[in-house]
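Tertiary structure, described
What follows is the residue order along each chain.
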Amino acid sequence: MLTWLLKECAYVLVTTITDIVNFSLTSGQFHPILKESVISLLLKKSTLDKDELSNYRSISNFSVVSKIINRIVKSCLIDHLTSNKLLNPHQSAYGKHHSTETALLYIHDHLINAIGSQKVSCLCLLDLSAAFDTIDHNILISRLSSWFGIHDSVLSWFKS
């Protein structure tokens, strides 16, 4: 709601927000207040029955400070992964100039090349649209540490 005010005062607030981000990471805690959100229900399609709860999807609106911290941490994490060459080159998410479109082009190119070389090809597709909802967070934390070198207070921050 006060996003415009934060933007207008960014030059004054940048030091304070930087201190909040640094304290959050060094303490290994994402403060519980920053986890609070306002949840709204949005009808999936205007033609659906408004009285049926399953026809709605929930939207979580977090505070601006929470979003800023998350964006900064994401940016730092992507920088870490990129500079240490820890991202799979075929991964389409979280990389500059990569998207679902580039993933589809990559697959299309490989299939066309295979057909041109008279190779047999098989394509298996999975719907992973809700994959994050089913992830085992203990495995995620373990891999952040063992695969990507995230340790100590920063790993604690992700746990929190």
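In this numbering scheme, every chain counts its residues from 1 along its sequence in written order. Given that this is a predicted model, residues contribute local features only at a pLDDT of at least 70 and side-chain atom pairs are listed and counted only at 80 or more, while totals for whole chains, interfaces and linings are drawn from all residues. Side-chain figures throughout are based on the complete set of non-hydrogen atoms in the structure, without hydrogens or water.

Some remarks on the layout of surface pockets
Rules: Only protein atoms enter the 1 Å grid used here, on which a cavity is any set of points holding a 1.4 Å probe that cannot leave and a pocket is any open set flanked by protein within 12 Å on both sides along at least five of seven lines; residues with an atom within 4 Å of a point are listed as lining. Grid points are joined across faces, edges and corners, and a volume is the space filled by probe spheres set on the points. A run of H or I in DSSP counts as a helix once it spans at least four residues, and a run of E counts as a strand once it spans at least two, with each numbered from the N terminus. Amino acids outside the nonpolar list (Ala, Val, Leu, Ile, Met, Phe, Trp, Tyr, Cys, Pro) and the charged list (Asp, Glu, Lys, Arg) are all regarded as polar, and Gly is one of them.
Its boundaries defined by the atoms lining it, the second largest pocket holds a volume of some 380 Å³. Thr3, Phe62, Ser63, Val64 and Lys67 are, among the 14 residues lining the second largest pocket, the residues nearest its centre. Elements represented by at least two residues in the lining of the second largest pocket include exactly strand E1 (37–43), strand E2 (56–62) and helix H4 (64–83). Ranked by the residues each element gives to the lining of the second largest pocket, the list is headed by H4, at five residues. When the residues that make up the lining of the second largest pocket are grouped by side-chain class, the tally is seven nonpolar, four polar and three charged.

Notes on the packing of aromatic side chains
Short version of the rule: Any Phe, Tyr or Trp ring, taking Trp's six-membered ring, that has another such ring centre within 6.5 Å forms a pair; planes under 30 degrees apart are called stacked, those over 60 apart edge-to-face, and the others tilted. Type-normalised accessible area, obtained with a 1.4 Å probe on protein chains alone, sets the label of each residue: buried when under 20%, exposed when over 50%, and partly exposed for intermediate values.
Applying the stated criterion to the full structure yields three aromatic pairs. Considering the side-chain rings of Trp147 and Phe148, the 6.2 Å spacing of their centres and the 70° angle between planes classify their relative orientation as edge-to-face. In this structure Trp147 comes out as exposed when scored by relative accessible area, which is 52%. A centroid spacing of 5.2 Å and a plane angle of 90° characterise the contact between Trp157 and Phe158, whose relative ring orientation is edge-to-face. Taking the relative accessible area as the measure of exposure, Phe158 reaches 27% and is therefore partly exposed.

Thoughts on the packing of helix H2 (residues 10–27) against H4
Let me state the cut-off plainly: Orientation is described by lines fitted to C-alpha atoms, with helices fitted over the stretch in contact, and by angles between N-to-C directions that extend from 0 to 180 degrees. For this classification, under 35 degrees means roughly parallel, over 145 means roughly antiparallel, 65 to 115 means roughly perpendicular, and everything else is oblique. By definition, any crossing whose near helix is turned counterclockwise from its far helix by less than a right angle is left-handed, and any crossing with a clockwise turn is right-handed. In this description, contact between two residues means that some pair of their heavy atoms is separated by no more than 4.5 Å.
Put simply, H2 and H4 touch, their axes get as near as 10 Å, and they point 65° apart. Judged by the inter-axis angle, H2 sits roughly perpendicular to H4. Handedness of the crossing formed by H2 with H4: right-handed. For the pair H2 and H4, contact is made by Ile17, Ile20, Val21 and Leu25 and by Ile68, Ile69, Ile72 and Val73, respectively.

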